[in-house]
Amino acid sequence: MAMEITQILLAAQSQDGQIRSSAEGNLKQFQEQSLPHFLLALSIELSNDQKPPESRRLAGIVLKNSLDAKDSIRKENLSQQWISVDPAIKFQIKESLLRTLGSSVSEARRTSSQVIAKVAAIEIPRREWQELIGNLLNNMTQQDAPSLKQATLEALGYVCEEIAPEDLEQDQVNAVLTAVVQGMSQMEHSFEVRLAAVKALYNALDFAQTNFQNELERNYIMKIVCETAVSKELEIRQAALECLVSIASTYYEILEAYMQSLFNLTASAVRGDEEPVALQAIEFWSTICDEEIAIQDEFEESSNGSSCPNFHFVEKALPLLVPMLLETLLKQEEEQDQDDGIWNLSMAGGTCLGLVARTVGDGVVPLVMPFVEGNIAKTDWRSREAATFAFGSILEGPSVEKLAPLVQAGLDFLLNAMRDQNTHVKDTTAWTIGRIFELLHSPISSYPVITSENLPRIMSVLLDSSRDAPNVSEKVCGAIYFLAQGYEAPGSTSSLLTPYLGDLISALLYSADRADTNNSRLRASSYETLNEVVRCSNVPETINIIAQLLLEILKRLGQTLELQIVSSDDREKQSDLQALLCGALQVIIQKLSSSNAKSIILQSADQMMAVLLQVFACHSSSVHEEAMLAIGSLAYATGSEFEKYMPEFYKYLEMGLQNFEEYHVCSISVGVVGDICRALDKNVLQFCDGIMSALLKDLSNPMLNRAVKPPIFSCFGDIALAIGELFQKYVPYVIPMLQGAAELCSHLDDSDEDMLDYGDQLRRCIFEAYSGILQGFKGSKAELMMPYASHLLQFTEAVFRDKNRDEGVTRAAIAAMGDLANTLGPNTKVLFKDCTFHVDFLVECLQSEDDQLKETATWTQGMISQVLVS
C-alpha cells in the first residue's frame, strides 16, 4: 500500500466521484490497518521533491489531520494514537518533516512547518523531542539558504503557537528570540525571511516574560520591533505593528518608557500609512484602552485594588489621540453600511473612540463635542455621518450627568436626521439613537431622555423609519429593542409603550416580511425585537394583543411547512424562519404563562403542538433547538394537560437526547425533560425507562461534548423529584456516575478559566441531582441513600475548602446538605458530628449579602440542628 500511496492520493482528488470514493476508502483502510506506516508513508510523500505537488499537498493535509482536531475529545484520541506509535517510526517521520523544510517547493515547506508544530504540541509538553528547537536553530546558521530559513522561522512560530511557555527552558526561549530577532534584520535577509521572523516573534512573545523583565533585552526587542514597523514593505510593517499590539496586551506594565515613541509611530501610521498598517496602529490604542479598563474594573471589584498599576496612558495621550481618531471617522467607504463584516479606518476609529470614552469617562466629551457640533450640519454627508458616529461612540463611559443635557438637547436633531437624504447618515443616526436608549433610557432616572412629551414623536419617527432602507430598518429595530427594554419594570401594571404596542408589532412583522432585501439580518433583528417588545410588555393591559400575536405566529409557522423547497438555499431559509418563529412562540408562551393567562395557552395548545411536531419532521438542528425550547415552555405552561401530547412527542424527545453530535440539541432536550417532569409529576413514569437509558448512554459516550453532562446530572434530580421512590431502580447506575463526576471535579485544571466555569457548573448540578433524589426518597425509601451520605458530605467539604467556588455552587451545596439531614434524619447524626466543617460553612453563608443563600442556610442549619439534638 505504501508503494501506491502517490496514486491513491491523486485518485482521492479525482473529478470522478467513483474513483475518488474508492481512493478515500483505500486511504482509510491503510490508516486503520497500520497507522504508523500510514503516517510514515505520508511524511515521505510530503518530503519527496520528485512527487507531484497534488499528492504532496494532500499528504500534508491528511498527516496534519491525523495529529490534530478542533474537537477536544478527538484531539486527545489523536494525541494518544501518536504517543503509541513505535519510537523508531516516529523518529523517521520527524526526520522526514525536518528535511522537508529545505524543499524547493514552498507549499511543502509550509505544510511541513505546520505538521512539525502539531507533533511538537504532543511531544514537547511530555518532555520529548527536546532536540527540535536545537535542530531548527541550527538551520538558521546555514549560509545561502533563504528558503530553509523562512520555513524554519515559520516552524518556530507555529511551535510557539501550539505549546505553552512553561514547555520550553529559558535558554531555549533566549535562543529562539535571538534567532527570530536576527531574522528580522534588514541588512542580512530577504523580504520572505524577515516577514517570517516578525510573524514568529508575534507567536513567541508569550514566552518572553523573563526577557521583558530585563531592561537591556527589553530595550533591544522594542528597538528592533519599532524599526521594523517602518520598513519599506507593507506586510512587514503590518506584522511589526501586530507585535506591538500583542506587547501592549501582554506587557502593558513595561510600556511607560516607550510610550512617546509608540504614540509618534502609531500616529504616523494612522495618518499616513496604508490601511492595513493604519488599522493595526489603531488596534494598538484599542488594546491599551482594554488593558486600562480591565485594571479599573479589577480595582473596583477587588478590596486589594488592581494587581497591575494603571499608567493612564490613554488619559495622558487624550489631547492628541482623540483628534487623530476623529480624523479617521471621515474616511468612510461608500458601501460600508451594507456589510456588517466590513472593517475600515472609520469603523476602527469609532470603535477605539468608544473604548477611549469607557477608559477616561467625562474627559473625552469636551474633546469630541466641538467636532460633532462643527460637522453635524455640513452639506457633505461624510461630515454629518462622522459627527453622528462620534457622538454615538462616546455614550458609554462618561457620566449620565455629563451626557444627559447633550442627549436631551440633541435628540430632536437626531430624530430629524432620520429623514436625511443620505442612507449612511440615517443608518448611523438610527444606531446612535439605539445607543442612547440602551445606555441612558430609564423612566426612573433623574435625567430621563424619554418623557411622555417626546415619546409620541420618537414613536412616529421609529415607526416611519422602520420602512426605510433595509440596513436602516435593522438599526431601527435595535432602537425599538432598547426602547422597550428601558420600560421593563417588574410589578408594574402599566407602561407608556402600551398605546403603541399594536403599531410596533405590525411594523416589526412588516420588516420581517420585506421582499425588497435578501438581508437575513433584518428578519432576525425584527423577530428578536418583537420578542423583546412582548417580553417587556405589561399584562393584563396588552393581553388581547399578545393573544392575537400568538395566532399570527402560529399561522406563519404553519405557512413555512407549505413553502416550496427546490434548493439547499430554500431549505436554509425555511429553517431560519422556522427557528425565529419558534423563538417568538416560546417568548409569547412564557409571557402568557407568567401572567396567569393559562386559558389562552390552553385554547391554542393543540394547534401549537400539531405545528411544532410537523416542524420537527423537517430535520433541521437549528429549528429543533428552538422548537424544543418552545415545547419546554408549553409543557411548563400547560402542566398536567401536556400528558396527552407525550406519545407523539416522545420520539422527537428521544431523538434529541440521542443527538450527541449536535450537542446543543441534546442539551436543550435534557432541559425539556426537566420541564416535562415538573409538568407531569408522577405521570412521567411511563417514559422514564427510555429517558434514563438515553441519559446514561450519553454520559458513557466519550464523544459527548462535556457541556451536556452537568444538565444531565441536574435532570436526574428532576426525574427523581417527579417519580419519588420509584427512582429506586436507577440508583445503582446514577450514584456511581455522580461520584465519578465529583472525583473529576478535584482534578480539573484550575489555571484554565473555562475549566473553572465548567467545574462550577458540574458541581452545582451534582448537588442538584442529590437534592432531587433525597427529596424524592423522603419517607419510606430514605434509607436507600444512607450508603452514599458519607461520600456526599466529603464532596461538600471539598467544595467548602475551595474559596474560588461561585455562589450558585455554594447555594446548591448548602441545599443538598439540608436535604440530606431532612431526608435521613437521625441516621446522619454521627456523620454530622464527625464532619464539623458544616458549622463554618453555614456561618460563612449566613454572613453573605445574598438573601436567598442566607434563607437556604438558615433552613439547613435548622435541619442539622434537629438531627444533632435527636
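The shown structure was predicted, so the numbers you read here are calculated from the model rather than taken from an experiment.

As a further point, take the overall build of the chain. Along its length, the chain carries 41 helices and 0 strands. Expected size for 870 residues packed as a compact globule is a radius of gyration near 29 Å; at 32 Å, the chain falls within 12% of this value. The dimensions of the chain, computed from C-alpha atoms along their principal axes, are 85 × 75 × 65 Å. In the chain, the share of contacts with a sequence separation of at least 24, taken over all contacts with a separation of at least 6, comes to 72%. Surface summary for the chain: the accessible area is close to 38,600 Å², and the carbon and sulfur share equals 49%.

Below, the discussion takes up the packing of helix 32 (residues 663-680) against helix 34 (residues 709-723). Close contact between helix 32 and helix 34 brings their axes to 9 Å; oriented N to C, the two are set at 15°. Overall, the two elements helix 32 and helix 34 adopt an arrangement that is roughly parallel. The way helix 32 lies across helix 34 gives a crossing that is left-handed. Only P711, I712, C715, D718, I719 and A722 of helix 34 make contact with helix 32, whose side of the interface consists of S667, V670, V673, G674, C677 and R678. In terms of residue class, the contact of helix 32 with helix 34 is built from 8 nonpolar, 2 polar and 2 charged.

Attention now goes to the pattern of salt bridges. One pass over the full model with this rule turns up 35 salt bridges. The salt bridge partner of K75 is D68, with a shortest N-O separation of 2.6 Å. The partner of D513 in a salt bridge is R556, with the nearest N and O atoms 2.7 Å apart. One end of the pair, D513, is in helix 25 (residues 501-513); the other, R556, is in helix 27 (residues 543-560), with 43 residues separating them in the sequence. Assessed through its relative accessible area of 43%, D513 is described here as partly exposed. One salt-bridge network, in which partners are shared between bridges, spans D68, K75, K118 and E162.

Within an α-helix, residues lying three or four positions from one another point in the same direction, as the helix has 3.6 residues per turn. Here helix 23 (residues 455-465) has its buried residues at L455, I458, M459, V461, L462, L463 and S465. Among the structural elements, helix 21 (400-417), helix 22 (423-440), helix 24 (470-486) and helix 25 are those in contact with the buried residues of helix 23.

Let us look at the nonpolar core. In globular proteins that are soluble, nonpolar side chains generally tend to be buried together. Ranked by internal contacts, the top residues of the largest apolar core, which has 306 residues, are V356, F642, F649, F716, I719 and F727. Dropping the residues within four chain positions of it, F716 is found in contact with M692, L695, L696, L699, F727, V734 and A769.

Here N659 is to be found in the loop between helix 31 (646-658) and helix 32. Residue N659 is classed as buried on the basis of its relative accessible area of 17%. Residues within four places of N659 in sequence aside, it is in contact with V665 and C666.

The phi dihedral of H312 falls on the positive side, at around 55°, and the residue is not glycine. The exposure class of H312 is partly exposed, given its relative accessible area of 35%. A positive phi angle is found at D681, which is not glycine, with a value near 55°. Residue placement: D681 occurs in the loop between helix 32 and helix 33 (685-700). Of the residues examined, D681 reaches a relative accessible area of 43% and is grouped as partly exposed.

Bringing helix 17 (residues 313-328) into the picture now. Of all the bends in helix 17, the greatest measures close to 70° and is centred on P319. Residues of helix 17 that are buried: F313, V314, A317, L318, L321, V322, M324, L325, L326 and T328. Where the residues of helix 17 are buried, they touch helix 15 (259-272), helix 16 (275-301), helix 18 (345-360), helix 19 (365-375) and helix 20 (381-393).

The next point concerns a negative patch on the surface. A cluster of acidic residues, D749, D750, D752, E753, D754, D757, D806, E807 and E849, forms a negative patch at the surface. Counting residues per element, the negative patch draws most heavily on helix 36 (residues 753-777), which supplies 3 residues. The class of D806 is partly exposed, set by a relative accessible area of 36%.

We now examine the packing of aromatic side chains. A full pass over the atoms with the stated rule returns 19 aromatic pairs. Seen from their ring centres, F616 and F649 are 6.1 Å apart, and the 45° between their planes marks the pair as tilted. One end of the pair, F616, is in helix 29 (residues 598-616); the other, F649, is in helix 31, and 33 residues separate them in sequence. Judged on exposure class, the residue F616 and its partner F649 are both buried. One aromatic cluster is present, formed by F616, F642, Y645, F649 and Y652 through successive ring pairs. Sitting over the ring of Y510, R467 keeps its end group 3.8 Å from the ring centre.

Analysis parameters
Residues numbered from 1 in each chain as written. Predicted model: local features only at pLDDT ≥ 70, side-chain atom pairs only at ≥ 80, totals over all residues. Heavy atoms only, no water. Helix = DSSP H or I, 4+ residues; strand = E, 2+ residues; numbered from the N terminus. Rg over C-alpha atoms; globule rule 2.2 N^0.38 Å. Contact = heavy atoms within 4.5 Å. Areas by Shrake-Rupley, 256 points an atom, 1.4 Å probe, with all protein chains shown as cover. Axes fitted to C-alpha atoms, helices over the stretch in contact; angles between N-to-C directions. Parallel < 35°, antiparallel > 145°, perpendicular 65-115°, else oblique. Left-handed = near helix turned anticlockwise from the far one by under 90°. Nonpolar A, V, L, I, M, F, W, Y, C, P; charged D, E, K, R; others polar. Salt bridge = Lys/Arg side-chain N within 4 Å of Asp/Glu carboxyl O. Buried < 20%, exposed > 50% of the residue type's maximum accessible area, 1.4 Å probe, protein only. Core = buried A, V, L, I, M, F, W, Y, C linked by side-chain atoms within 4.5 Å. Bend = angle between axes of the 7 residues up to and from the residue. Patch = residues over 30% accessible without salt bridge, like charges linked within 9 Å, V, L, I, M, F, W, Y side chains within 5 Å. Lys, Arg positive; Asp, Glu negative; His and termini not counted. Charge placed at Lys NZ, Arg CZ, Asp CG, Glu CD. Phe/Tyr/Trp six-rings, centres within 6.5 Å; stacked < 30°, edge-to-face > 60°. Lys NZ or Arg CZ within 6 Å of the ring centre and 35° of its normal.

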